[in-house]
Amino acid sequence: MAGAKEIRGQIKSIKNTQKITKAMEMVAASKMRKAQDRMLETRPYAEKIRQVIGHVAMANAEYRHPYLIEREAHRVGIIVISTDRGLCGGLNVNLFKKTAQTMKEWQAQGAEIDLCLVGSKAQQFFRRMGGNVVANVANLGDKPRLSDLIGPIKAMLSAYDEGRIDRLILVENEFVNTMTQRPRVTKLLPVEPAEEPSLEHHWDYIYEPDTAPVLDTLLTRYIESVVYQAVVENVACEMAARMVAMKSASDNAGDLIDELQLVYNKARQAAITQEISEIVSGAAAV
Amino acid sequence: MSMTFHVDIVSAEESIFSGTAHMLVAPAEHGEVGILPRHSQYVSLLKPGEVRIRLSDSGEEQNIYISGGVLEVQPHVVTVLADTAIRAKDLDEAEALEAKRRAEDALANQRADFDYARAQSELAEAAARLRMIQKLRRSSSQQ
């Protein structure tokens, strides 16, 4: 019976694993829903601010903010947004592949690269791969707060202000749907102002205190809100990817249990048959 | 005809208020401003303080505290883009330095910092070596 007993132990341990993966799947599912709601809540701010910037930039031709001017790219800042924890399928790996590819493209054009990392998985990856990391932040949790992101964003923005970087790029995961998350590369700086749909309304605002500080604040807030949105979206992606990964893990565990159950039954049957034949042959000998 | 306008107060993290109002008072950079319907187009930075809205349906006044932001007035829509935290230039600067310091720390402490991935692979290697030694010992003792 030794074989059968071993198999029984194996089945039990797989069942325990399956319980854990099932629980993780359910937790991820409920967290994903919350993250999606949060994703929607962040949208009005970004949309609104983009409209205002578009309008201000359009109405004020004489004042050109440095964030709106295209410069030749000698040095590129890349913000990479990853998760803090693993067990979420290929989410981070795909993102890092895309990042590496983007980095290679810029390097081919002769630009150097500064990295700003969000999430501990990115830190782990770039510690091994190397790269000039100028700012990082991790352990944002499931409800990321904008105040945690201000520091790293400010570091990148002041690098842009001082001319240490000429482009700012964001690499993040796009939440397409529960099954699909796609890495996406977005250009943050210089900002491309939104095209006003109705150009015939050509009115200008009254500014207080002045155009420059207003535009300055708006553009900073805009970049922050885009990065914040990306971080929130990344949480939704993480949860969706984890849910899918855990679901397939649970399914695989189920398959494994079925197979082992079959082997176990056979082993048990064989043991019983052997015992009977032993008894029978023993009785015959007597 | 009663005159009203639509008010949206949004922050980067959530939408705080949305509704119609008779009047709105906001703490602008150069002192409080009151916005009435048909105010001309106006953009202003806001200081931390209270935004007071006189609601059109009940006539009640609602107070919302904001920690700074931007006020935008369009013919029929007033938007307050509220900050989520009190912001000041030196405060932001300190945060930026902190983020930089973390990055430098992570680089400097590559050895001291407990790197799980590397530790795991080293452990696996050590275990494999140990198994090999044990196997060799067993086979040599049998001979």
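None of the values given here were measured: they were computed from a predicted structure.

> Please provide a residue-by-residue account of the pattern of salt bridges, values included.
Residue and element names in this part refer to chain A. With the rule as written, the count across this model stands at 19 salt bridges over all chains. Of the charged contacts, one joins Glu70 and Arg167 as a salt bridge, the two residues approaching to 2.9 Å between their closest N and O atoms. Of this pair, Glu70 sits in the loop between α1 (2-59) and β1 (75-81) while Arg167 sits in strand β4 (residues 167-175), and the two are 97 residues apart along the sequence. Arg167 gets classed as buried once you look at its relative accessible area, which sits at 10%. Here the salt bridges share partners, and the residues they tie into one network are Glu172, Glu174, Arg182, Arg184 and Glu233.

> Talk me through the layout of surface pockets; I want residue IDs and the actual numbers.
All names here are of chain A. Reported here for the second largest pocket is a volume of approximately 420 Å³. As for the second largest pocket, its lining consists of 19 residues, and the residues nearest its centre are Arg50, Thr186, Tyr222, Val226 and Gln229. Only α1, β4, β5 (181-189) and α5 (211-285) provide two or more residues apiece to the lining of the second largest pocket. Tallied by class, the residues present in the lining of the second largest pocket amount to nine nonpolar, two polar and eight charged.

> An account of the interface of chain A and chain B is requested, with residue identities and associated values reported.
Residue-level contacts link 39 residues of chain A with 40 residues of chain B. Across the chain A to chain B interface the summed buried area is about 3,700 Å²; carbon plus sulfur atoms make up 59%. At the boundary of chain A with chain B, the tally comes to one salt bridge. B:Asp83 serves as the salt-bridge partner of A:Arg221, at 2.7 Å between the closest nitrogen and oxygen.

Cut-offs and rules
Residues numbered from 1 in each chain as written. Chains lettered and ligands numbered in written order. Predicted model: local features only at pLDDT ≥ 70, side-chain atom pairs only at ≥ 80, totals over all residues. Heavy atoms only, no water. Salt bridge = Lys/Arg side-chain N within 4 Å of Asp/Glu carboxyl O. Helix = DSSP H or I, 4+ residues; strand = E, 2+ residues; numbered from the N terminus. Buried < 20%, exposed > 50% of the residue type's maximum accessible area, 1.4 Å probe, protein only. 1 Å grid on protein atoms, 1.4 Å probe; cavity = no way out; pocket = protein on both sides within 12 Å on 5 of 7 lines; lining within 4 Å. Points joined across faces, edges and corners; volume = space filled by probe spheres on them. Nonpolar A, V, L, I, M, F, W, Y, C, P; charged D, E, K, R; others polar. Contact = heavy atoms within 4.5 Å. Buried area = accessible area lost by both parts, 1.4 Å probe.

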